[in-house]
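Topology and contacts: notes
The residues making up each chain are set out below.
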Amino acid sequence: MCKAVILGTGSCLPERTLTNAELEQMVETSDQWITSRTGIKTRRISGAGEYNYRLAAGAGRKALDNAGLTAAELDMIIVATLSPQKIMPSTACFVQAELGADNAFAYDINAACTGFTYGLDLASKYIASQPEMKVLVIGSETLSTRVDWEDRNTCVLFGDGAGAAVLGSRDDGRGIFGSKLRSDGRLWNLLHMDGPESQNPALQPEDWQGALIRMNGSDIFKHAVRAMSGVVNDLLEQQGLSVADVDLIIPHQANIRILRKLQSRLDVPDEKLFVNVDKYGNTSAASIPIALDEANQQGRIKENDVVLLCTFGAGLTWASLLMRW
Ligand code: ACO
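In this numbering scheme, every chain counts its residues from 1 along its sequence in written order. Since the coordinates come from a predicted model, pLDDT governs what is reported: local features require at least 70, and pairs of side-chain atoms require 80 or more to be given and counted, while whole-chain, interface and lining totals use all residues. Note that the side-chain values use all heavy atoms of the structure and ignore hydrogens as well as water.

**Describing the nonpolar core**
Note that soluble globular proteins tend to have their nonpolar side chains buried in a common cluster. Nonpolar cores were defined as sets of buried Ala, Val, Leu, Ile, Met, Phe, Trp, Tyr and Cys residues, with membership established by side-chain atoms within 4.5 Å. Think of it in three bands: with a 1.4 Å probe and only protein chains considered, a residue is buried below 20% of the maximum accessible area for its type, exposed above 50%, and partly exposed in between. Leu308 and Phe312 are the most contacted members of the largest nonpolar core, which has 47 residues in total. Where each domain starts and ends comes from a domain assignment, either automatic or drawn from a database. Counting only domains with at least three residues in this core, you end up with domain 1 (3-172) and domain 2 (176-324). What makes two residues a contact is simply this: any of their non-hydrogen atoms within 4.5 Å. In this structure, leucine 308 is in contact with Val232, Leu236, Val246, Leu248, Ile249, Ile250, Ser320, Leu321 and Leu322, ignoring residues within four places of it in sequence. Listed in part, the 33 residues of the second largest apolar core include Tyr118, Val307, Ala319 and Leu321.

Structure follows, in structure tokens:
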């Protein structure tokens, strides 16, 4: 039976690096606090012209090159983002135009940091029914445009960037073979963007500063560890596997302390856990595809390796996905 398989990966990051030392000049914080509480040393911040859709298209182009495909061969483009280019039209339509993917249809999904994994699952279901399809899934964010740069609780955490994967099908046992997706909308207010209750511009408060990220950090921390370890265990059990059968775990890169707690709950050795949060911070929907591309380019994933993704984000949303590379 055919399964959806990743044929190529790519990523695209803004030029500018923002260091913890620079953040010390912007809010009351320190490199020592940020490093010890989050593991983040630097993050990338988009500059003039580095719009969400351009980062997304840059990552998509590299994934196509890596797969040996052209944009004209794409049937579908999914962009996962919570910082879209515009509310309408979708960022995916901008990407389609930028790439010249004239034969594809395109749309966005928003599942916050879980978006790319939801997108891979969605693409795998299309491909299961139409194995000839080629699908580009992108996670892309310009969170620097949604961060309150005066709020030290959040502004030190996030970064910009995009990552992408091109999917096709194979019938040799390789590919995506399991997933579990979860949401709990009752906990939406633990992590959200500020906004008036009414979307009617005439009813917005005069002092509203725009849609900026607000977070209850300690509650998010606890839910992230519990939800990710739970969904990974559920998925492994469903597939009759254990952590010992997995070659590489690529978790959402939110915070090194979340990752270390997850690692200890699941009993994962260091060499099986991919970490790059120190370089890019939390890039939300882009975090897993950027990490996946780095792991791929570094030769950390070999043919037939079992790769496990796991993620958690606003919504709340969380998910895990298994594939044989
Ligand atoms: N620099 C210095 N001090 C700070 C900073 C900062 N950047 N931010 C907060 N503080 C202060 C707080 O004001 C507080 O001070 P107070 O005691 O005087 O009130 C103190 O540090 C301790 O704050 P806590 O919230 O208890 O710190 P904690 O150890 O929980 O760390 C953090 C905060 C890093 C946000 C942590 O809760 C966390 O990582 N949460 C997960 C958040 C996350 O990853 N969100 C991303 C989105 S969701 C996702 O992607 C999974």
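**Regarding the packing of aromatic side chains**
Aromatic pairs are defined between Phe, Tyr and Trp rings, using the six-membered ring for Trp, whenever the two ring centres lie within 6.5 Å; interplanar angles under 30 degrees are classed as stacked, those over 60 as edge-to-face, and all others as tilted. Per the counting criterion, the structure on display carries five aromatic pairs. Among the aromatic side chains, those forming a connected cluster through ring pairs are Tyr51, Tyr53 and Phe94.

**Observations regarding the sheet that holds strand β4 (residues 76-80)**
What the five strands build is an open sheet, ordered β1-β7-β6-β4-β5; its pairing is mixed. At either margin of the open sheet sits one strand with a lone partner, and together these are β1 (3-12) and β5 (105-109). Taken pair by pair, the neighbouring strands of this sheet meet at an average axis angle of 20°, ignoring direction. In the packing of helix α3 (residues 52-67) onto the sheet, contacts are made with β1, β6 (135-142) and β7 (160-170), and the angle to β1 comes to roughly 125°. Under this scheme, a helix contributes an axis fitted over its contacting stretch, all axes are lines through C-alpha atoms, and angles between N-to-C directions fall in the 0 to 180 degree range. To qualify as a helix, a DSSP run of H or I must reach at least 4 residues; to qualify as a strand, a run of E must reach at least 2; elements of each kind are numbered from the N terminus. Along the sheet face, helix α5 (residues 115-129) touches β1, β4, β5, β6 and β7 and points at about 165° away from the line of β6. Two strands qualify as a pair provided DSSP detects at least 2 bridges between them.

**Description of the site of the ligand**
For this description, a residue counts as near a given molecule or strand if any of its non-hydrogen atoms is within 4 Å of it. Lining the immediate environment of the ligand, one finds 23 residues, of which Thr29, Arg37, His252, Asn255 and Asn282 sit closest. Here a polar contact is taken to be a pair of N or O atoms separated by no more than 3.5 Å, where protein atoms must pair a possible hydrogen donor with a possible acceptor and residues adjacent in sequence count only if both atoms sit in side chains. Between an oxygen atom of the ligand and a side-chain N or O atom of arginine 37, the distance comes to 2.6 Å. The method behind every accessible area is Shrake-Rupley, applied with a 1.4 Å probe, and residues are considered shielded solely by the protein chains displayed. Protein chains bury 73% of the 1000 Å² of accessible surface belonging to the ligand in isolation. Under a 2 Å grid-point criterion requiring more than half of the atoms, the pocket assigned to the ligand is the second largest pocket. Of all the secondary-structure elements, those providing two or more residues to the shell around the ligand are α2 (31-38), α6 (152-155), α7 (217-238) and α8 (256-266). By residue number, the principal contributor to the shell around the ligand is α7, which donates four residues. The two domains that each donate at least three residues to the shell around the ligand are domain 1 (3-172) and domain 2 (176-324). The way it works is a 1 Å grid over only the protein atoms, where trapped points that fit a 1.4 Å probe form a cavity and open points with protein on both sides within 12 Å along at least five of seven lines form a pocket, and then any residue with an atom within 4 Å of a point lines it. Think of it this way: if more than half of a molecule's atoms are within 2 Å of a pocket's grid points, that molecule is in the pocket or cavity.

**Considering the pattern of salt bridges**
Just to be clear on terms, a salt bridge is a Lys or Arg side-chain nitrogen sitting within 4 Å of an Asp or Glu carboxyl oxygen. Evaluated as defined, the whole model comprises 12 salt bridges. One network of salt bridges, with partners in common, ties together Asp148, Asp151, Asp194 and Arg214.

**What about the environment of valine 135?**
Tracing the backbone through its elements, the reader meets valine 135 in strand β6. With a relative accessible area of 0%, valine 135 lands in the buried category. Residues valine 135 and histidine 192 lie 57 residues apart in sequence; the distance between their C-alpha atoms is 29 Å. Ignoring anything within four residues of it in the chain, the contact list for valine 135 reads Leu74, Met76, Ile78, Ala123, Ile127, Ala165, Val166 and Leu167.

**What about the domain arrangement of the chain?**
Partitioning the chain into structural domains gives domain 1 (3-172) and domain 2 (176-324). For domain 1 and domain 2, the distance between their C-alpha centres works out to 14 Å. Contact residues are listed per partner, giving 51 residues for domain 1 and 44 residues for domain 2. For any pair of parts, buried area is found by adding up, for both, the accessible area (1.4 Å probe) each one loses once the two are put together. Of the roughly 3800 Å² buried at the junction of domain 1 and domain 2 (both faces included), carbon and sulfur atoms supply 62%. Here domain 1 and domain 2 share two salt bridges between them. Linking arginine 214 and aspartate 148 is a salt bridge whose minimum nitrogen-to-oxygen distance equals 2.9 Å. For the interface between domain 1 and domain 2, the tally reads 27 residue pairs in polar contact (both at pLDDT 80 or more). Within the residue set of the side of domain 1 that touches domain 2, elements represented by two or more residues are β1, α2, β3 (42-45), α5, β6, α6 and β7. By residue number, the principal contributor to the side of domain 1 that touches domain 2 is α5, which donates seven residues. Classification used: nonpolar for Ala, Val, Leu, Ile, Met, Phe, Trp, Tyr, Cys and Pro, charged for Asp, Glu, Lys and Arg, polar for all others including Gly. Classifying every residue of the side of domain 1 that touches domain 2 gives 19 nonpolar, 20 polar and 12 charged.

**As for helix α10 (residues 287-297)**
Residue pairs three or four apart in sequence face the same way in an α-helix, which turns once every 3.6 residues. Of all 11 residues that make up α10, 10 are buried, and the element is covered over most of its length. What α10 keeps buried is the set Ser287, Ile288, Pro289, Ile290, Ala291, Leu292, Asp293, Glu294, Ala295 and Asn296. With its phi angle positive at about 75°, glycine 299 sits one or two positions after the end of α10.

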